[in-house]
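# Reading the structure
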Amino acid sequence: MKVLFVSSGTRIGLSPIIKNQGESLKKQGIEVEYYLLKHSGIKGYIKSIPLLRKYLKDNEFDIIHAHYGYLGIVAHFARTKEKLVVSMMGSELLWNKISGQKIIGSIHKSINNLFCRYYDHVIVKSKELLSHLNKENNNYSVIPNGVSFERFKPISTKTAREYLGWDTDKIYVVFPGNPERPEKNFSLTKESLAKTGLDVTIVPFKNIPNEELVYYYNAANLVLFTSIYEGSPNVIKESLACNANVVSTPCGDVPEILPKCNGCRLVKYDSSIIKDAVLELINDQEGSNGREMIEDLKDTVIASKIINIYRSLDSSCI
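As a starting point, this report considers the structure included with it. (Residues numbered from 1 in each chain as written. Predicted model: local features only at pLDDT ≥ 70, side-chain atom pairs only at ≥ 80, totals over all residues. Heavy atoms only, no water.)

On to the layout of surface pockets, then. Considering only enclosed or pocket space, the second largest pocket measures out at about 480 Å³ in volume. Together, 25 residues line the second largest pocket, and T157, N218, A220, D284 and Q285 are the ones closest to its centre. Of all the secondary structure elements, the ones that give two or more residues to the lining of the second largest pocket are helix 7 (157–164) and helix 9 (213–219). Of the residues belonging to the lining of the second largest pocket, the class tally is nine nonpolar, ten polar and six charged. (1 Å grid on protein atoms, 1.4 Å probe; cavity = no way out; pocket = protein on both sides within 12 Å on 5 of 7 lines; lining within 4 Å. Points joined across faces, edges and corners; volume = space filled by probe spheres on them. Helix = DSSP H or I, 4+ residues; strand = E, 2+ residues; numbered from the N terminus. Nonpolar A, V, L, I, M, F, W, Y, C, P; charged D, E, K, R; others polar.)

See the structure below:
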């Protein structure tokens, strides 16, 4: 089976999330190639259609798997005979949850819902995303992103801090997101930690290589996640695979994962409530049991589910 992953390459190149999923499929015998769009915006997407169509005509693929709603639209108009699977990543259906973005976010949601009827299969990352999808056809599945247990695993705090050059006696809280992105809600993290009265060093994730993240999860006293919306945040699953303590707001599929893990708290968007959870867990030495509780989210398990979708669409690939 030959699959073409179509994704954007304009901001960070190939997303680690998408690459990790592709590599997990390769390990199970699927031939995966990556096609990155070099243009963005309406004009850029229109310009990309004939370029992708030419690539498809010059190469043989059984399945196109587009990641993100607008890439699905580009792939739909570009495809020739290939089956099309589109993964909705989050913002294309949830952008209207950001204050000040409700009108434009609703437009994005409507456009993406309109085109879903033309795809052979739609993957959404959480039940929350599914609730925002017009399910006119029975062509959808809820499949979260998987996490690599080989890459993300427990390491002693001492070893991780030595690797990063962190002080052994300081309190570090990881904010696993880019503070400049409004949906990550960094202001709530800062407000909540200020209320603790503790001398805390906040470590945001910005321009950190994916292979380095395992040290941050293991070195931190706590992972604090306050996003307004997400699809299926990999940072939560990566944290849990490292048995890190996690405090998170109820975004994406976090409410389905976090409550079953020791050393973790699901909290409301309230700085006082978050403060209490942080104070409760900041010095917890036991850590969480997250790794054993998310066995069903291992990348190998998720890859098998995706492969079953591919095979259901193309009997010649069984």
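There's plenty left to go through after this.
A separate point is helix 2 (residues 41–58). Its 18 residues place the ends of helix 2 26 Å apart at the C-alpha level, agreeing with the 26 Å of an ideal helix rising 1.5 Å per residue. All buried positions along helix 2 are accounted for by G44, Y45, S48, I49, L52 and L56. The elements touched by buried residues of helix 2 are strand 1 (2–8), strand 2 (31–37), strand 3 (63–67) and helix 3 (69–78). (Expected span 1.5 Å × (residues − 1). Buried < 20%, exposed > 50% of the residue type's maximum accessible area, 1.4 Å probe, protein only. Contact = heavy atoms within 4.5 Å.)

On inspection of all chains with the given rule, the structure shows 13 salt bridges. Notably, a salt bridge pairs K81 with E60, separated by 3.0 Å at the nearest N-O pair. Placement of K81 in the loop between helix 3 and strand 4 (83–88) and of E60 in the loop between helix 2 and strand 3 is noted, with a sequence separation of 21 residues between them. Relative accessible area serves as the criterion here: at 56%, K81 is assigned to the exposed category. E60 gets classed as exposed once you look at its relative accessible area, which sits at 53%. (Salt bridge = Lys/Arg side-chain N within 4 Å of Asp/Glu carboxyl O.)

Below, the discussion takes up the pairing of strand 8 (residues 200–204). Of the pairings in the sheet, the one linking strand 7 (residues 171–175) to strand 8 comprises five bridges and is parallel in character. When the sheet's bridge partners are listed, Y172 is paired in strand 8 with T201. With helix 8 (residues 186–196) bridging strand 7 and the parallel strand 8, this β-α-β connection has right-handed handedness. (Pairing = 2+ DSSP bridges. Right-handed = clockwise from strand over helix to strand, strands pointing away.)

The next subject is the packing of helix 3 against helix 5 (residues 102–116). It is the contact of helix 3 with helix 5, at a shortest axis distance of 10 Å, that shows an interaxial angle of 40°. With respect to helix 5, the element helix 3 is oriented oblique. Helix 5 is crossed by helix 3, and the crossing has left-handed handedness. Contacts from G69, Y70, I73, H76 and F77 of helix 3 reach helix 5 at H108, I111, N112 and F115. (Axes fitted to C-alpha atoms, helices over the stretch in contact; angles between N-to-C directions. Parallel < 35°, antiparallel > 145°, perpendicular 65-115°, else oblique. Left-handed = near helix turned anticlockwise from the far one by under 90°.)

Enumeration according to the criterion identifies two cavities of 30 Å³ or more in this entry. Roughly 120 Å³ of internal volume is contained in the largest cavity. Lining the largest cavity we find 14 residues, and of these N20, Q21, G146, V147 and D299 sit closest to its centre. Elements that contribute at least two residues to the lining of the largest cavity include exactly helix 1 (16–26), helix 10 (234–241) and helix 14 (299–313). Sort the elements by how many residues they give to the lining of the largest cavity and helix 1 lands first, with four residues. Partitioning the lining of the largest cavity into residue classes produces five nonpolar, seven polar and two charged.

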